[in-house]
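Given next are the chains, with one letter for each unit.
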Number of protein chains: 2
Amino acid sequence: MSDLLERLRGRGWRMTSQRRVVAEVLNGDHVHLTADEVHVRAARLLPEISRATVYNTLGELVLLGEVMEVSTDGRAKRYDPNAHRPHQHLVCSRCGTIRDVHPTGDPLVDLPPGERFGFTLSGADVTYRGVCPACA
Amino acid sequence: MSDLLERLRGRGWRMTSQRRVVAEVLNGDHVHLTADEVHVRAARLLPEISRATVYNTLGELVLLGEVMEVSTDGRAKRYDPNAHRPHQHLVCSRCGTIRDVHPTGDPLVDLPPGERFGFTLSGADVTYRGVCPACA
DNA sequence: ATCTATGCAAAGACTTTGCATTTTT
DNA sequence: AAAAATGCAAAGTCTTTGCATAGAT
(Lines give C-alpha, C1' and ligand atoms only; values in the text may rest on other atoms or scores of the structure.)
Protein backbone atom coordinates (compact mmCIF):
# COMPACT_ATOMS: atom_id res chain seq x y z
CA MET A 1 0.00 0.00 0.00
CA SER A 2 1.46 3.19 1.30
CA ASP A 3 5.08 3.64 0.40
CA LEU A 4 7.47 4.11 3.25
CA LEU A 5 9.75 6.32 1.20
CA GLU A 6 6.94 8.64 0.24
CA ARG A 7 5.75 8.94 3.77
CA LEU A 8 9.25 9.85 4.88
CA ARG A 9 9.69 12.42 2.18
CA GLY A 10 6.36 13.90 3.17
CA ARG A 11 7.64 14.29 6.69
CA GLY A 12 10.65 16.27 5.51
CA TRP A 13 13.13 13.55 6.33
CA ARG A 14 16.56 14.49 5.05
CA MET A 15 17.19 12.12 2.18
CA THR A 16 20.47 10.42 1.38
CA SER A 17 21.21 7.47 -0.87
CA GLN A 18 21.79 5.30 2.19
CA ARG A 19 18.48 6.19 3.75
CA ARG A 20 16.75 5.64 0.46
CA VAL A 21 18.01 2.07 0.08
CA VAL A 22 17.17 1.23 3.69
CA ALA A 23 13.63 2.45 3.16
CA GLU A 24 13.38 0.50 -0.08
CA VAL A 25 14.57 -2.69 1.54
CA LEU A 26 12.09 -2.35 4.38
CA ASN A 27 9.09 -1.52 2.25
CA GLY A 28 6.37 -4.15 1.97
CA ASP A 29 4.21 -6.54 3.92
CA HIS A 30 5.41 -9.34 6.17
CA VAL A 31 8.84 -7.74 6.19
CA HIS A 32 10.65 -8.42 9.46
CA LEU A 33 14.36 -8.16 8.80
CA THR A 34 17.19 -8.02 11.28
CA ALA A 35 19.59 -5.09 11.12
CA ASP A 36 22.14 -7.35 9.51
CA GLU A 37 19.70 -8.57 6.87
CA VAL A 38 18.82 -4.98 6.09
CA HIS A 39 22.51 -4.24 5.73
CA VAL A 40 23.11 -7.13 3.35
CA ARG A 41 20.17 -6.21 1.14
CA ALA A 42 20.92 -2.53 1.23
CA ALA A 43 24.53 -3.25 0.27
CA ARG A 44 23.31 -5.04 -2.84
CA LEU A 45 21.88 -1.72 -3.98
CA LEU A 46 24.56 0.51 -2.52
CA PRO A 47 27.78 -1.39 -1.79
CA GLU A 48 29.45 1.28 0.34
CA ILE A 49 26.71 1.47 2.94
CA SER A 50 28.04 0.81 6.43
CA ARG A 51 26.52 -1.19 9.21
CA ALA A 52 26.64 1.86 11.48
CA THR A 53 24.48 3.82 9.08
CA VAL A 54 21.99 1.00 8.88
CA TYR A 55 21.74 0.95 12.66
CA ASN A 56 21.46 4.73 12.82
CA THR A 57 18.78 4.78 10.18
CA LEU A 58 16.76 1.99 11.74
CA GLY A 59 16.92 3.79 15.06
CA GLU A 60 15.61 6.94 13.43
CA LEU A 61 12.78 5.17 11.73
CA VAL A 62 11.76 3.68 15.05
CA LEU A 63 11.82 7.10 16.71
CA LEU A 64 9.75 8.52 13.88
CA GLY A 65 7.24 5.78 14.51
CA GLU A 66 7.52 4.51 10.94
CA VAL A 67 9.05 1.17 11.84
CA MET A 68 8.50 -1.09 14.84
CA GLU A 69 11.15 -3.01 16.67
CA VAL A 70 10.14 -6.60 17.26
CA SER A 71 12.14 -8.74 19.65
CA THR A 72 11.63 -12.46 19.47
CA ASP A 73 13.32 -14.53 22.18
CA GLY A 74 17.09 -14.18 22.25
CA ARG A 75 17.56 -13.47 18.58
CA ALA A 76 18.47 -10.18 16.96
CA LYS A 77 15.78 -7.52 16.85
CA ARG A 78 13.66 -7.39 13.74
CA TYR A 79 12.26 -4.31 12.05
CA ASP A 80 8.67 -4.13 10.89
CA PRO A 81 7.62 -1.32 8.55
CA ASN A 82 3.94 -1.84 9.30
CA ALA A 83 3.93 0.50 12.27
CA HIS A 84 0.98 2.40 10.87
CA ARG A 85 -1.43 -0.51 10.73
CA PRO A 86 -2.23 -2.36 13.95
CA HIS A 87 -1.50 -6.03 13.69
CA GLN A 88 -0.11 -8.96 15.59
CA HIS A 89 2.63 -11.46 14.97
CA LEU A 90 2.68 -15.15 14.35
CA VAL A 91 6.17 -16.43 15.15
CA CYS A 92 7.73 -19.76 14.24
CA SER A 93 9.23 -21.29 17.35
CA ARG A 94 11.67 -23.22 15.22
CA CYS A 95 13.20 -20.70 12.81
CA GLY A 96 11.92 -17.36 14.07
CA THR A 97 10.04 -16.42 10.91
CA ILE A 98 7.31 -13.85 11.52
CA ARG A 99 4.03 -13.30 9.70
CA ASP A 100 1.69 -10.42 10.29
CA VAL A 101 -1.83 -11.36 11.29
CA HIS A 102 -4.76 -9.04 11.60
CA PRO A 103 -7.19 -8.82 14.46
CA THR A 104 -10.40 -10.70 13.82
CA GLY A 105 -12.76 -9.84 16.60
CA ASP A 106 -11.60 -7.70 19.45
CA PRO A 107 -8.35 -9.14 20.67
CA LEU A 108 -7.49 -6.07 22.71
CA VAL A 109 -8.06 -7.55 26.08
CA ASP A 110 -8.47 -5.02 28.80
CA LEU A 111 -6.88 -5.37 32.18
CA PRO A 112 -9.16 -4.97 35.21
CA PRO A 113 -8.14 -2.20 37.63
CA GLY A 114 -7.28 -4.72 40.31
CA GLU A 115 -4.58 -6.18 38.08
CA ARG A 116 -2.90 -2.96 37.05
CA PHE A 117 -0.51 -2.46 39.93
CA GLY A 118 -0.72 1.28 39.48
CA PHE A 119 0.47 1.15 35.88
CA THR A 120 -0.91 3.54 33.29
CA LEU A 121 -1.81 1.19 30.46
CA SER A 122 -0.92 2.09 26.92
CA GLY A 123 -1.75 -1.10 25.07
CA ALA A 124 -1.24 -4.79 24.67
CA ASP A 125 0.62 -6.98 22.18
CA VAL A 126 -0.46 -10.43 21.20
CA THR A 127 2.05 -12.87 19.79
CA TYR A 128 0.95 -16.21 18.43
CA ARG A 129 3.43 -19.05 18.54
CA GLY A 130 3.60 -22.08 16.35
CA VAL A 131 5.61 -23.94 13.77
CA CYS A 132 5.69 -22.69 10.20
CA PRO A 133 5.05 -24.95 7.20
CA ALA A 134 8.71 -24.94 6.17
CA CYS A 135 9.83 -26.21 9.60
CA ALA A 136 7.04 -28.76 10.07
CA MET B 1 3.41 -21.46 47.15
CA SER B 2 5.29 -24.24 45.52
CA ASP B 3 8.97 -24.10 46.15
CA LEU B 4 11.20 -24.22 43.11
CA LEU B 5 13.95 -26.00 45.00
CA GLU B 6 11.61 -28.72 46.21
CA ARG B 7 10.23 -29.26 42.78
CA LEU B 8 13.72 -29.63 41.39
CA ARG B 9 14.77 -32.06 44.06
CA GLY B 10 11.66 -34.05 43.36
CA ARG B 11 12.70 -34.30 39.76
CA GLY B 12 16.06 -35.77 40.68
CA TRP B 13 18.01 -32.70 39.68
CA ARG B 14 21.63 -33.07 40.70
CA MET B 15 22.08 -30.59 43.51
CA THR B 16 25.12 -28.38 44.03
CA SER B 17 25.56 -25.33 46.18
CA GLN B 18 25.55 -23.14 43.07
CA ARG B 19 22.32 -24.57 41.79
CA ARG B 20 20.79 -24.21 45.19
CA VAL B 21 21.49 -20.49 45.43
CA VAL B 22 20.27 -19.87 41.89
CA ALA B 23 17.01 -21.61 42.71
CA GLU B 24 16.71 -19.65 45.95
CA VAL B 25 17.26 -16.37 44.20
CA LEU B 26 14.65 -17.14 41.57
CA ASN B 27 11.99 -18.37 43.94
CA GLY B 28 8.93 -16.20 44.40
CA ASP B 29 6.27 -14.22 42.62
CA HIS B 30 6.85 -11.31 40.27
CA VAL B 31 10.48 -12.34 40.00
CA HIS B 32 11.91 -11.47 36.59
CA LEU B 33 15.64 -11.12 36.95
CA THR B 34 18.26 -10.87 34.25
CA ALA B 35 21.09 -13.40 34.25
CA ASP B 36 23.38 -10.76 35.63
CA GLU B 37 21.00 -9.86 38.44
CA VAL B 38 20.74 -13.52 39.31
CA HIS B 39 24.52 -13.68 39.39
CA VAL B 40 24.83 -10.69 41.69
CA ARG B 41 22.25 -12.00 44.14
CA ALA B 42 23.57 -15.53 44.01
CA ALA B 43 27.06 -14.24 44.69
CA ARG B 44 25.85 -12.59 47.88
CA LEU B 45 25.04 -16.07 49.14
CA LEU B 46 27.92 -17.89 47.49
CA PRO B 47 30.72 -15.53 46.49
CA GLU B 48 32.61 -17.94 44.25
CA ILE B 49 29.76 -18.60 41.87
CA SER B 50 30.70 -17.82 38.28
CA ARG B 51 28.67 -16.17 35.61
CA ALA B 52 29.10 -19.20 33.36
CA THR B 53 27.45 -21.39 35.94
CA VAL B 54 24.57 -19.00 36.32
CA TYR B 55 24.04 -19.07 32.57
CA ASN B 56 24.34 -22.85 32.47
CA THR B 57 21.90 -23.25 35.30
CA LEU B 58 19.36 -20.84 33.90
CA GLY B 59 19.54 -22.66 30.59
CA GLU B 60 18.88 -25.95 32.35
CA LEU B 61 15.93 -24.60 34.26
CA VAL B 62 14.44 -23.35 31.02
CA LEU B 63 14.93 -26.75 29.38
CA LEU B 64 13.32 -28.42 32.37
CA GLY B 65 10.36 -26.10 31.92
CA GLU B 66 10.72 -24.73 35.45
CA VAL B 67 11.63 -21.23 34.39
CA MET B 68 10.51 -19.14 31.43
CA GLU B 69 12.67 -16.87 29.38
CA VAL B 70 11.08 -13.48 28.86
CA SER B 71 12.53 -11.11 26.31
CA THR B 72 11.48 -7.49 26.54
CA ASP B 73 12.63 -5.26 23.69
CA GLY B 74 16.39 -5.04 23.31
CA ARG B 75 17.27 -5.59 26.93
CA ALA B 76 18.79 -8.67 28.48
CA LYS B 77 16.54 -11.70 28.81
CA ARG B 78 14.70 -12.10 32.08
CA TYR B 79 13.92 -15.32 33.90
CA ASP B 80 10.51 -16.03 35.34
CA PRO B 81 10.07 -18.93 37.78
CA ASN B 82 6.32 -18.98 37.31
CA ALA B 83 6.47 -21.36 34.36
CA HIS B 84 3.95 -23.66 36.02
CA ARG B 85 1.13 -21.15 36.29
CA PRO B 86 -0.17 -19.52 33.14
CA HIS B 87 0.01 -15.77 33.31
CA GLN B 88 0.76 -12.68 31.30
CA HIS B 89 3.11 -9.78 31.69
CA LEU B 90 2.64 -6.13 32.31
CA VAL B 91 5.81 -4.32 31.25
CA CYS B 92 6.89 -0.78 32.05
CA SER B 93 7.91 0.95 28.82
CA ARG B 94 10.18 3.23 30.78
CA CYS B 95 12.24 1.01 33.06
CA GLY B 96 11.41 -2.50 31.89
CA THR B 97 9.94 -3.69 35.19
CA ILE B 98 7.61 -6.64 34.79
CA ARG B 99 4.59 -7.68 36.85
CA ASP B 100 2.69 -10.89 36.45
CA VAL B 101 -0.98 -10.52 35.71
CA HIS B 102 -3.54 -13.27 35.61
CA PRO B 103 -6.11 -13.91 32.95
CA THR B 104 -9.51 -12.54 33.83
CA GLY B 105 -11.93 -13.72 31.21
CA ASP B 106 -10.69 -15.69 28.27
CA PRO B 107 -7.77 -13.80 26.85
CA LEU B 108 -6.57 -16.69 24.71
CA VAL B 109 -7.62 -15.34 21.40
CA ASP B 110 -7.81 -17.92 18.70
CA LEU B 111 -6.56 -17.36 15.20
CA PRO B 112 -8.97 -18.11 12.35
CA PRO B 113 -7.74 -20.69 9.83
CA GLY B 114 -7.47 -18.06 7.10
CA GLU B 115 -4.88 -16.20 9.16
CA ARG B 116 -2.64 -19.12 10.01
CA PHE B 117 -0.42 -19.25 6.95
CA GLY B 118 -0.03 -22.98 7.37
CA PHE B 119 1.41 -22.66 10.87
CA THR B 120 0.62 -25.24 13.54
CA LEU B 121 -0.42 -23.06 16.46
CA SER B 122 0.86 -23.80 19.92
CA GLY B 123 -0.30 -20.78 21.85
CA ALA B 124 -0.35 -17.05 22.26
CA ASP B 125 1.31 -14.59 24.62
CA VAL B 126 -0.24 -11.34 25.71
CA THR B 127 1.96 -8.52 26.94
CA TYR B 128 0.46 -5.40 28.38
CA ARG B 129 2.45 -2.20 28.09
CA GLY B 130 2.31 0.86 30.24
CA VAL B 131 4.19 3.03 32.68
CA CYS B 132 4.72 1.85 36.22
CA PRO B 133 3.98 4.03 39.27
CA ALA B 134 7.67 4.57 40.00
CA CYS B 135 8.32 5.96 36.51
CA ALA B 136 5.14 8.05 36.26
C1' DA C 1 34.28 -44.87 40.71
C1' DT C 2 31.55 -42.64 37.57
C1' DC C 3 29.42 -39.05 35.81
C1' DT C 4 28.32 -34.33 35.78
C1' DA C 5 28.83 -29.45 37.20
C1' DT C 6 32.02 -25.67 37.79
C1' DG C 7 35.09 -21.96 36.55
C1' DC C 8 38.15 -19.65 33.74
C1' DA C 9 39.23 -17.16 29.95
C1' DA C 10 38.49 -16.51 25.33
C1' DA C 11 35.39 -15.89 21.61
C1' DG C 12 31.05 -14.68 19.62
C1' DA C 13 26.70 -12.20 18.28
C1' DC C 14 24.61 -7.93 18.25
C1' DT C 15 24.74 -3.04 18.94
C1' DT C 16 26.49 1.57 20.16
C1' DT C 17 29.74 5.41 20.14
C1' DG C 18 33.25 9.22 19.03
C1' DC C 19 34.99 11.77 15.74
C1' DA C 20 36.81 13.23 11.27
C1' DT C 21 34.80 13.49 6.64
C1' DT C 22 31.23 13.94 3.23
C1' DT C 23 26.71 15.17 1.75
C1' DT C 24 22.30 17.49 1.90
C1' DT C 25 19.63 21.54 2.27
C1' DA D 1 27.70 28.06 4.54
C1' DA D 2 25.27 25.61 8.01
C1' DA D 3 23.49 21.52 9.61
C1' DA D 4 23.28 16.85 9.55
C1' DA D 5 24.48 12.07 7.89
C1' DT D 6 28.24 8.75 6.95
C1' DG D 7 31.90 5.48 7.93
C1' DC D 8 35.48 3.63 10.45
C1' DA D 9 37.21 1.31 14.12
C1' DA D 10 36.93 0.63 18.77
C1' DA D 11 34.32 -0.45 22.72
C1' DG D 12 30.25 -2.29 25.03
C1' DT D 13 26.66 -5.54 26.45
C1' DC D 14 24.95 -9.96 26.78
C1' DT D 15 25.82 -14.80 26.09
C1' DT D 16 28.18 -19.12 24.75
C1' DT D 17 31.97 -22.45 24.53
C1' DG D 18 36.13 -25.63 25.41
C1' DC D 19 38.47 -27.81 28.58
C1' DA D 20 40.84 -28.91 32.95
C1' DT D 21 39.35 -29.39 37.76
C1' DA D 22 36.21 -30.18 41.53
C1' DG D 23 32.20 -32.24 43.34
C1' DA D 24 27.77 -35.11 43.59
C1' DT D 25 25.69 -39.58 43.55
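Residues numbered from 1 in each chain as written. Chains lettered and ligands numbered in written order. Predicted model: local features only at pLDDT ≥ 70, side-chain atom pairs only at ≥ 80, totals over all residues. Heavy atoms only, no water.

So, about the domain arrangement of chain A. Residues and elements named next belong to chain A. Taken as a whole, chain A is organised into domain 1 (3–80) and domain 2 (88–130). Spacing between the C-alpha centres of domain 1 and domain 2 amounts to 24 Å. Counting residues at the interface gives 7 residues for domain 1 and 10 residues for domain 2. Where domain 1 abuts domain 2, roughly 760 Å² becomes buried across the two surfaces, and 49% of that area is made up of carbon and sulfur atoms. When the area that domain 1 buries against domain 2 is broken down by residue, the three leading residues are H30, H32 and R75, summing to 58%. Linking domain 1 to domain 2 there are 0 salt bridges. Viewed at the interface, domain 2 and domain 1 are joined by 6 residue pairs in polar contact (both at pLDDT 80 or more). Residue composition of the side of domain 1 that touches domain 2, grouped by class: 1 nonpolar, 3 polar and 3 charged. (Domains from an automatic or database assignment. Contact = heavy atoms within 4.5 Å. Buried area = accessible area lost by both parts, 1.4 Å probe. Salt bridge = Lys/Arg side-chain N within 4 Å of Asp/Glu carboxyl O. Polar contact = N/O pair within 3.5 Å; in protein donor to acceptor, adjacent residues only side chain to side chain. Nonpolar A, V, L, I, M, F, W, Y, C, P; charged D, E, K, R; others polar.)

Here, the residues flagged by UniProt with the feature "binding site: Zn(2+)" (unreviewed entry) are A:C92, A:C95, A:C132 and A:C135. These annotated residues cover 44 residues of sequence, and their C-alpha atoms all fall within 8.2 Å of one another, placing them together at a single site. Here A:C92 shows up in strand β4 (residues 88–92). Looking at A:C92, the relative accessible area reads 1%, which means it is buried. When residues no more than four places from it in sequence are discounted, the contact partners of A:C92 are A:R75, A:T97, A:G130, A:V131, A:C132, A:C135 and B:F119. Its place among the elements puts A:C135 in the segment after β6 (120–131). (UniProt positions renumbered as here; feature names shortened; annotations may be inferred. Helix = DSSP H or I, 4+ residues; strand = E, 2+ residues; numbered from the N terminus. Buried < 20%, exposed > 50% of the residue type's maximum accessible area, 1.4 Å probe, protein only.)

Residue and element names in this part refer to chain A. At a closest axis distance of 10 Å, the pairing of helix α2 (residues 17–26) and helix α4 (residues 51–64) adopts a crossing angle of 65°. Comparing the axis directions of α2 and α4 gives the class roughly perpendicular. α4 is crossed by α2, and the crossing has right-handed handedness. Residues Q18, R19, V22 and L26 of α2 form the contact with α4, whose own contacting residues are T53, V54, T57, L58, E60 and L61. (Axes fitted to C-alpha atoms, helices over the stretch in contact; angles between N-to-C directions. Parallel < 35°, antiparallel > 145°, perpendicular 65-115°, else oblique. Left-handed = near helix turned anticlockwise from the far one by under 90°.)

Let's shift gears to unusual backbone geometry. Backbone geometry places A:F117, a non-glycine residue, at a positive phi of 50°. Note that A:F117 resides in the loop between β5 (98–101) and β6.

Another aspect to go through is the sheet that holds strand β4 (residues 88–92) of chain B. Ordered by their spatial adjacency, 6 strands build an open sheet running β5(A)-β4(A)-β6(A)-β6(B)-β4(B)-β5(B), and the pairing between neighbours is mixed. For this open sheet the edge positions go to β5 of chain A together with β5 (98–101) of chain B, each flanked by a neighbour on one side alone. Strand-to-strand twist across the sheet, computed as the mean angle between neighbouring axes with direction ignored, equals 30°. As judged from the 4 bridges shared by β4(B) and strand β6 (residues 120–131) of chain B, these two strands associate in the parallel manner. Among the inter-strand pairings, B:H89 is bridged to a residue of β6(B), identified as B:T127. (Pairing = 2+ DSSP bridges.)

A separate point is the packing of helix α3 (residues 35–45) of chain B against helix α4 (residues 51–64) of chain B. Residues and elements named next belong to chain B. Taken N-terminus to C-terminus, the directions of α3 and α4 make an angle of 120°; their axes are 9 Å apart at the nearest point. The orientation of α3 with respect to α4, classified from their angle, is oblique. Here the hand of the crossing between α3 and α4 comes out right-handed. Two secondary-structure elements touch here, α3 through A35, D36, V38 and H39 and α4 through R51, V54, Y55 and L58. Residue composition of the contact of α3 with α4, grouped by class: 5 nonpolar, 1 polar and 2 charged.

Moving on, we get to the protein's contact with DNA strand C. Around DNA strand C, the structure places 19 residues, and the nearest of them are A:Y55, B:T16, B:Q18, B:R19 and B:T53. Counting only atoms of DNA strand C within 4 Å of the protein, the fraction found in sugar and phosphate groups is 83%. At 3.1 Å, a side-chain N or O of A:R14 approaches a base oxygen of DNA strand C. Interatomic distance of 3.2 Å between a side-chain N/O atom of B:R14 and a sugar or linking oxygen of DNA strand C. At the level of elements, α4 of chain A together with α2 (17–26) and α4 of chain B are the ones that each hand at least two residues to the surface near DNA strand C. Looking at which element gives the most residues to the surface near DNA strand C, the answer is α4(B), with 4 residues. Partitioning the surface near DNA strand C into residue classes produces 7 nonpolar, 6 polar and 6 charged. (Near = heavy atom within 4 Å.)

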